[in-house]
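Coordinates in review
As a plain string of letters, each chain reads:
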Amino acid sequence: GHFALQISFTSIRPFAFSGMIAVDDVSMQSCSAPPIGKCSSGQYQCFNGQCIAGLSQCDMKVDCTDMTDESAAFCSNIHGNCNFENSNLCGYKNGSGIKSFTWMTGITAGALGGPKVDNTYGKATGHFMMTTLSGATNTEVATFVTPMITPPTSACKIRFFYYLGGGSTNTLAAVLQVGGSKRQLWSTSTQTSSGWTRVEVSISSTQFFNISFNAPRTRFLTGVAAIDDVSMDPTCYGVSVNKNCSAFERQCANGRCIFSSWFCDGDDDCGDNSDETSCPTTIAPTTKPLPTGSYPNGTCTFQQGLCGWIQAKDDRADFQRRRGTTPSFSTGPANDNTLGTALGFYIHVEASGLPANSKLALISPTYMWASWQCTMNFAYHMWGSGTGTLQINYQTVGGSPSQLFSISGNQGNKWITNSVSLPKTVRSPFVFTINVTHGNSFLGDISLDDIGFTNCNSPAPQPPCSKTQFSCANSVCVNFSALCDFQDDCGDGSDENMKTCSSQPGYCSFENSACGYGNVNWDNFDWVAYKGPTPSAGTGPTFDHTIGNASGRYLYLEASSPRSPGEKAVFESGYFQKPASTCNFRFWYHMFGPGIGAFNIYTVDRSNKSSVIWTRTGSQSSAWLRGSAAVAATGPFKIRFEGSIGSSFSGDISLDDVSFSYGCSGPIYYPPKPVPTIYTANCNFEANIFCNWTNNFLNDINWIRQSGGTLSPTTGPTADHTYGNATGNYIYIEASLVARGHTARLTSPVLTPD
């Protein structure tokens, strides 16, 4: 572990049973921290000075007490590494054999004679890959193959953990595949029914290759074969195991550490030019990140010029820097946003003389990278009956544009301040683009002012840390209250270590499950798990908070028809035991759009008495915002989220990444009441709404209750089946709200045989 811990022995004595329980000779083995000092050849030096075996780096097992040997910023970039916790399996695929490996948890695999926990987290809910070896009619081989892996720069090793059980004749092999040739690297028949076993296998190839894990099957075999935590030795790609640089730095040939983003930027930052050798042929970015201070060339009030922003060359016209009123009446601002007077400057797109749908763009300086909590702030003015669209995108060098913000139409004669979050995946040079699409008349001026950035630089190291602070792997100090809150306060991700954070009760990203949270059956409609932008324009996030792109999930409530103002959707946790002292519940929320209603969070005790601990109403920001609420429960409690519909369809409210502050001494999950036995699945969807049928958490869209015709013309019924009229209710899927291939699942209540 990496924090202070206690081990306790608990004895439970059943009523009316005699007997004794005794404990003796308690000892701890292999629990001391690695030594601190000068590391020998072949060892890796942790950022805190500890020395560990070089092959322990990036092997998905934490050996450094500061966790720098498993830094996500470094290890995630190594080809072929996978812990199989995500259903995309890191690009691994089953081979062409009849039998395949299956993505499983210990809960499922244990019942089949497989491992009861995964190797990554040691939990029954952790994932790995497994195949059963029985049931074959003829000899066949189950194969599981890595994605194509880049040739290593030197001889090195692949590491993995395997489980083999069921009989001494069972085998598991690792085979190197290069083109059409195959060479067995390793094979075993050693049974590991007592747990996972680590293997290190030497590899050498001058060409791109795959590793195939093969498990033969015949009618005479029984048992299982399983694989977890596959990783490549970092020295495969020329990475020294004796480096002393932090997680966000790289080492020069002369031993100096510089920011990773300063490599291949056209400057000799190392002093020996080793940061500028073997670089791809690209246009060198124009700016560098600084460890402290303001974001370079970032904040701009336009009082002295465009601050390095440049006009696009292939658009219809240019942005103009001006002050006072615009040339056209009934459109444009009279003052700037910075000073609030006619003396202040802003930038402006003059609508007069532009054809409808004309496009203009303004491009930022090139930035090398952005921290995970980076936000772009700006003010905009969009007034006039012919106003078009304002859009803000970001684009990595050589990549495609990705939308951060978009709004259209008349927003009133006022400056509106806003902020947008950058995706967490921006780790390469990129630019912002401000795009304006002209409307249909001269009454459509669009203006901007005060473009700035917040929390975009990596925090500066500041050791030694106080007793109330956590020491990050890069020597940055952050408060313990910032641990495991789904925000990289350290700058290298060490305060958000997944192995540590995922064990905290109530911690949930909603990526693969609801983690014990769920919709209730007594509200008006449900919260929905969703990916990417919500169906309604001008409201909702573009991406989730956890991953920061369109593949990540979050929860949201859809404000569009058939919803009505005041309707509520409620989502809540199971019960937790009361904390030993007041602690905080943290979460990320998104409330953007003119029709936003209210978002309330409660604690609820066992008598169902609720207490409001946090509330917001109306539009807050187009960025994800961090929320925190004090929890001071006096007994078991649960967390309840309540979102209500506002004045219009542009009122989507979203939720993501919930957690409790570290060291709450609880809450510990309190088992829910037993689920009552349900004997019928009959439902006419009239009085009892869904009759205990429920929408699946991972739906792309939910089934909704409706009477009369559906929202889309020329499709769907005009009456229900029960009564055959427009007042009767039925449930249906509204196809206009989703893309092709999206799925809606409806699950019955628990049934018992007649």
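Keep in mind it's a predicted model, so treat the numbers as computed, not measured.

Points about the sheet that holds strand β7 (residues 156-165)
Strand pairing in a sheet takes place through backbone hydrogen bonds and is either antiparallel or parallel in direction. Pairing is antiparallel across the open sheet formed by 5 strands, whose spatial order is β4-β5-β12-β7-β10. The strands lining the two open edges of the sheet, one partner per strand, are β4 (102-105) and β10 (197-203). Geometrically, the sheet is characterised by an average inter-axis angle of 40° between neighbouring strands, direction not taken into account. Judged from the 4 bridges that link them, strand β5 (residues 127-132) and strand β12 (residues 224-232) form a sheet pairing that is antiparallel. In the sheet register, Met130 faces β12, and the bridge partner there is Ala226.

Thoughts on the state of the cysteines
A complete count under the given rule lists 6 disulfides for this structure. The disulfide partner of Cys465 is Cys477, and the S-S distance across this bridge is 2.0 Å. Across the S-S bond linking Cys465 and Cys477, the dihedral sits near -90°, which makes this disulfide left-handed. Pair noted here: Cys465 is in the loop between β24 (446-454) and β25 (469-471) and Cys477 is in strand β26 (residues 477-479), with a separation of 12 residues, a long-range link.

So, the packing of aromatic side chains
Across all of its chains, the model carries 40 aromatic pairs by this definition. Ring geometry for Phe84 versus Tyr92: centroids 5.2 Å apart, planes at 85°, classification edge-to-face. By the burial criterion, Phe84 is buried, and Tyr92 matches it. Centroid distance Phe160 to Phe213: 5.0 Å. Interplanar angle 75°. Geometry classified as edge-to-face. Of this pair, Phe160 sits in strand β7 while Phe213 is found in strand β11 (residues 210-217), placing the two residues 53 residues apart along the sequence. With respect to burial, Phe160 and Phe213 carry one shared label: buried. Residue placement shows Arg321 over the ring face of Phe345; its charged tip is 3.8 Å from the ring centre.

Some points on the environment of Ile645
Following the sequence through the fold, Ile645 ends up in the loop between β36 (637-644) and β37 (653-660). With a relative accessible area of 6%, Ile645 lands in the buried category. For the pair Ile645 and Arg563, spaced 82 residues apart in sequence, the C-alpha to C-alpha distance is 7.2 Å. Once you skip the residues sitting within four places of it in the chain, Ile645 turns out to touch Phe525, Leu557, Glu558, Ala559, Arg563, Ser564, Pro565, Gly566, Glu567 and Gly597.

Here's the deal with the pattern of salt bridges
A full pass over the atoms with the stated rule returns 8 salt bridges. The shortest N-O distance in the salt bridge between Lys61 and Asp63 comes to 3.1 Å. Among the ionic pairs, Lys638 bridges to Glu572, the shortest N-O distance being 2.8 Å. Here Glu572 lies in strand β30 (residues 568-572) and Lys638 lies in strand β36, a separation of 66 residues in the sequence. Of the two residues, Lys638 and Glu572, both sit in the buried class. Linked through salt bridges whose partners overlap, the residues forming this network are Asp59, Lys157, Arg198 and Glu200.

Thoughts on unusual backbone geometry
Backbone geometry follows two general trends: most residues other than glycine have a negative phi, and most peptide bonds adopt the trans configuration. A cis amide bond links Ser561 with the next residue in sequence, Pro562, at an omega value of 15°. Mapped onto the secondary structure, Pro562 falls in the loop between β29 (553-557) and β30. Positive phi, normally seen in glycine, also occurs at Asp450, with a value near 50°. Along the chain, the position of Asp450 falls in strand β24. For Phe486, which is not glycine, the phi dihedral falls at a positive 65°. Looking at the secondary structure, you find Phe486 in the loop between β26 and α3 (498-501).

Some words on the nonpolar core
In terms of nonpolar packing, the biggest core is built from 36 residues, with Phe84, Phe160, Ile211 and Ile227 touching the most fellow members. Residue assignment for this core shows that the elements contributing at least two residues are β6 (140-145), β7, β8 (172-178), β9 (181-188), β10, β11 and β12. At 5 residues, the largest contribution of residues to this core is made by β7. Sequence-distant contacts of Ile227, that is, excluding residues within four places in its chain, are made with Phe84, Phe101, Phe128, Met129, Phe160, Phe161, Tyr162, Leu172, Trp196 and Phe213. Among the nonpolar cores identified, the runner-up in size contains 35 residues, and Trp309, Tyr367, Phe378 and Ile407 belong to it.

What counts as what
Residues numbered from 1 in each chain as written. Predicted model: local features only at pLDDT ≥ 70, side-chain atom pairs only at ≥ 80, totals over all residues. Heavy atoms only, no water. Pairing = 2+ DSSP bridges. Helix = DSSP H or I, 4+ residues; strand = E, 2+ residues; numbered from the N terminus. Axes fitted to C-alpha atoms, helices over the stretch in contact; angles between N-to-C directions. Disulfide = S-S within 2.5 Å. Phe/Tyr/Trp six-rings, centres within 6.5 Å; stacked < 30°, edge-to-face > 60°. Buried < 20%, exposed > 50% of the residue type's maximum accessible area, 1.4 Å probe, protein only. Lys NZ or Arg CZ within 6 Å of the ring centre and 35° of its normal. Contact = heavy atoms within 4.5 Å. Salt bridge = Lys/Arg side-chain N within 4 Å of Asp/Glu carboxyl O. Core = buried A, V, L, I, M, F, W, Y, C linked by side-chain atoms within 4.5 Å.

Functional significance is not addressed by these values, which are geometric in nature.
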